[in-house]
Amino acid sequence: MTHTVRLHDHYPELGTGTIAVAPYIDPAYYQLEKKYIFKKTWLHVGRVEELPKVGDYMVRDIAVLDSSIVIARDRKKDLHAFHNVCSHRLNKIAYEPQGNTRKFFCKFHGWAYDLDGSLSGVPDEKSFMDFDKKCHGLTPVSIDTWNGFIFINLDPNPALSLKDFMEPVYAGFET
């Protein structure tokens, strides 16, 4: 006589009842996952080799974040990430999926942004009263790299650093 060993025999906490389907198909669950998981975790968006030169950039339209993100290499060779919207009228500042540029420009009113997202030029700037360019740069996104992989996190102050996020699964894989 053979006895079939079933998974729940070893893990009774899993139970034997039916599994709720709603978390997999309900749009309300998806919205909650976007808000509490995806917008607060590190997400892989590319490799450093995709942006080898100063001025190289790539745009990532990420549905689960409801966002278009620009990742760019600045003049110091540092990587920066920011939302792909002008701080003035929320128009796009990068229209191609990738490229190389000296600056990003909004096509609506011509505001110019440096590769680090700082506002560097405003046509007819004197028309704005008490205007401080330092307060109107592109909205930054947290960015870090791990073994050549580029990650972003929409949370301006991530609960975990990328290193701490990767540690439980990839400890020891650093090059």
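Bear in mind the structure is a predicted one, so any value in this text is a computation, not a measurement.

Caption draft 1: Spotlight on the pairing of strand β3 (residues 67–73). With seven of seven residues buried, β3 is to be regarded as a mostly interior element. On β3, burial covers both faces: S67, I69, I71 and R73 on one face and S68, V70 and A72 on the other are all buried. Across six bridges, the pairing between strand β2 (residues 56–62) and β3 is antiparallel. Within β3, the residue paired with M58 across the bridge is I71. Two successive antiparallel strands, β2 and β3, enclose a turn made up of four residues, where D66 displays a positive phi of approximately 50°. By the bridge criterion, five bridges tie β3 to strand β4 (residues 79–83) in an arrangement that is antiparallel. Residue pairing across strands places I71 opposite A81, the latter belonging to β4. Between β3 and β4, which follow one another and run antiparallel, lie five residues, and K77 among them has a positive phi close to 75°.

Caption draft 2: Spotlight on unusual backbone geometry. Even without being glycine, D66 reaches a positive phi, approximately 50°. Within the secondary structure, D66 sits in the loop between β2 and β3. Of note, L90 is a non-glycine position whose phi angle comes to about 60°, a positive value. Tracing the backbone through its elements, the reader meets L90 in the loop between β4 and β5 (98–100). Here L90 falls in the exposed class, since its relative accessible area comes to 61%.

What counts as what
- Residues numbered from 1 in each chain as written.
- Predicted model: local features only at pLDDT ≥ 70, side-chain atom pairs only at ≥ 80, totals over all residues.
- Heavy atoms only, no water.
- Buried < 20%, exposed > 50% of the residue type's maximum accessible area, 1.4 Å probe, protein only.
- Helix = DSSP H or I, 4+ residues; strand = E, 2+ residues; numbered from the N terminus.
- Pairing = 2+ DSSP bridges.

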